[in-house]
Amino acid sequence: MYLGIDCGTQGTKVVVCDTDKKTVIATGYCKHELLSSENGKREQHVEWWIDALKSALEEVKQSSGVDLSRVKALGVSGQQHGMVLLDKQDQPLHPAKLWCDTETSQENADILAALGGSQGCLDKLGLEIQTGYTASKILWFYRNHPEKYAKISKVMLPHDYLNYWMTGEFVSEFGDASGTGYMNVRDRSYDPEVFKIAGPGLDGESCLPKLNDACKAHGFLTEAAAKALGLPAGLLVSSGGGDNMMGAIGTGNIAPGIVTMSLGTSGTLYAFSDKYPKSNSMIASFCSSNDGWLPLICTMNVTSTTTLLQNLFDKDIAAFTEMLESTQPGADGITMLPFFNGERLPPLPNAKASIHGLTPENMSQANLFRASTEAATFTVRYGLDLFRAQGIEPSEIRLIGGGAKNTVWRQMVADIMNVAVICPQEHEAAALGSAIQAMWSYGQYQGNDVELQALCEQWVRLDDSTRALPKAQNVTQYEAAYQRYKQYLKHQYNY
């Protein structure tokens, strides 16, 4: 057996893969709380992640009766770009600031200016840093908590922290590290000059984790961690990686030609490249976790947007779906700019949400639900247009995330993107990807010539019942609505 663990924004998921049965035999989940405020703060206590992992593993045992003593290795997927700061006693100095935190927009602007602006940053790092990246969080902490800042001993990402807690090994891997904002993605190394700007006075040699290849073992589960988790001591822990990198593995997106789209709290779109693809201000060419690159766009408001509407009108998922089904593409002329959490695509960290085109005739709950869902999808379509401009033309989109489970939303994606859509059988792609990576790493450690491609072919199965093909009439209607969305975006934000 192999465990895949995904520590995301909303919760921690665990999948158990049985290589004899060639299937996922058990899953577990535990929800996370979120510390947030109107100024853009989005934080979580790292202790919550440990507690959630324990609860998710306990759910696996209680619900399935699986004997976890048979586990050979595990891998961890974590939300990208977060910041965990530890002192010399390995105690957290502050709650972890998350990828969706926009409180550090000024610090990001200051770092960009110090690097010579957008082009200077692209020349230096191979990508342009964004407010969500780790770099601006460190500078923010320097300015706002100087006494605690002086106590920093280690700077790490969320998945790095979980690996460190489990193994005691202070190591990271290229994929997740490429989203920090102080790593050169072309040559896969930290840039000491950029880190000095982001972390004044910090010694990168000592406070940043060593970088390692994703196929190599990160370490082994300590006795203390094994006891806390109810797992065998000495288990191999793979390098793990960022949730998008693990999601790529979990959807079989490890060679050119496949595009993965996630409809989660955020929206992401990414593809594999075996050569460095030039980044721009809105496409980040991260490193993949299989020795390539992962050009990626990210939006800040997807299911977070629709959930706000559900909560406002006290509607569950079934009622939400009925509302969508009762309306037509274009929401009868209503357009939403869904920037409740600011936005990363286009880069508008301080933007607010707005609704346009309301009339006495179209003002209804159903149309507002439709407009919010379309808007969340339009933000990702904006990114797909950028991909297409760089020659990345998908023949198929592999759809994951909470929104992917909704039949109406899947069809909406196919129509808005004008591309065939299909979901993997295993919805928890990042958790599955980290389990597959654990198999890969364990095989390499054992001296077996295990190929990641072969593992993906065995484990990534597509659900034909979810396939959605574009419908010509819908494509035309959505195109008109999307162009209206772009007009409002240009008028309000000049994008």
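Residues numbered from 1 in each chain as written. Predicted model: local features only at pLDDT ≥ 70, side-chain atom pairs only at ≥ 80, totals over all residues. Heavy atoms only, no water.

A. Looking closely at the packing of helix α11 (residues 243–250) against helix α16 (residues 429–445). Running from N to C, α11 and α16 point in directions that differ by 75°, and their axes come no closer than 7 Å. When the interaxial angle is binned, α11 and α16 end up roughly perpendicular. Residues Asp-243, Met-246, Gly-247, Ile-249 and Gly-250 of α11 lie in contact with α16, whose contacting residues are Ala-429, Ala-430, Leu-432, Gly-433, Ser-434, Ile-436 and Gln-437. Among the residues making up the contact of α11 with α16, the classes are represented as 6 nonpolar, 5 polar and 1 charged. (Axes fitted to C-alpha atoms, helices over the stretch in contact; angles between N-to-C directions. Helix = DSSP H or I, 4+ residues; strand = E, 2+ residues; numbered from the N terminus. Parallel < 35°, antiparallel > 145°, perpendicular 65-115°, else oblique. Contact = heavy atoms within 4.5 Å. Nonpolar A, V, L, I, M, F, W, Y, C, P; charged D, E, K, R; others polar.)

B. Broad picture of unusual backbone geometry. With an omega of -5°, the peptide bond running from Leu-345 to Pro-346 counts as cis. Secondary-structure assignment places Pro-346 in the loop between β21 (335–337) and β22 (354–356). The phi angle at Asp-291 is positive, at roughly 65°, despite the residue not being glycine. Here Asp-291 is to be found in the loop between β19 (284–287) and β20 (293–299). A positive phi angle, near 60°, is found at Asn-418, a position not held by glycine.

C. Just the sheet that holds strand β25 (residues 462–468), in detail. Strand order in the open sheet formed by 7 strands is β19-β20-β18-β17-β23-β24-β25, with mixed pairing between adjacent strands. The open sheet has two free edges, formed respectively by β19 and β25, since each of these has just one partner strand. Between one strand axis and the next, the sheet turns through 30° on average, direction left out of account. As judged from the 3 bridges shared by strand β24 (residues 421–424) and β25, these two strands associate in the antiparallel manner. Across the sheet, residue Cys-423 finds its bridge partner in β25, namely Asp-463. Sheet strands touched by helix α15 (residues 407–417): β17 (259–263), β23 (397–400), β24 and β25. Its angle to β25, the strand with the most contacts, is close to 65°. (Pairing = 2+ DSSP bridges.)

D. Geometry of the pairing of strand β6 (residues 73–78). Counting buried residues in β6 gives 6 out of 6 residues, a clear majority hidden from the surface. Neither face of β6 is open: one carries Ala-73, Gly-75 and Ser-77, the other Leu-74, Val-76 and Gly-78, and all of them are buried. One ladder, built from 6 bridges, connects strand β1 (residues 2–7) with β6; its direction is parallel. The residue bridging Leu-3 from the neighbouring strand is Leu-74, located in β6. Relative to strand β15 (residues 236–238), β6 is paired through 2 bridges, and the arrangement is parallel. Within β15, the position partnered with Leu-74 by the bridge is Val-237. Sheet topology places β6 next to strand β16 (residues 241–242); 2 bridges connect them, and they run parallel. (Buried < 20%, exposed > 50% of the residue type's maximum accessible area, 1.4 Å probe, protein only.)

E. Fine view of the pattern of salt bridges. Inspection of every chain in the model, using the stated rule, returns 20 salt bridges. For Asp-6, the salt bridge is made with Lys-13, and the minimal N-O distance between the two is 3.5 Å. Take Asp-6: its relative accessible area is 6%, and that puts it in the buried class. Arg-381 is the partner of Glu-479 in a salt bridge, and the nearest nitrogen-oxygen pair spans 3.1 Å. Residue Glu-479 is located in helix α18 (residues 472–493), and its partner Arg-381 is located in helix α14 (residues 365–389); the two are separated by 98 residues in the primary sequence. Take Glu-479: its relative accessible area is 29%, and that puts it in the partly exposed class. What you see here is one network of salt bridges that share partners, running through Glu-43, Lys-97, Asp-101 and Glu-103. (Salt bridge = Lys/Arg side-chain N within 4 Å of Asp/Glu carboxyl O.)

F. Representation of the sheet that holds strand β5 (residues 42–44). An order of β4-β5-β8 is seen for the 3 strands of this open sheet, with the pairing classed as antiparallel. In this open sheet, the two edge strands, each paired with only one partner strand, are β4 (35–36) and β8 (96–97). Bridge count between β4 and β5: 2 bridges; the pairing is antiparallel. When the sheet's bridge partners are listed, Leu-35 is paired in β5 with Glu-43.

So far we have only geometry, and geometry alone does not tell us how the molecule works.
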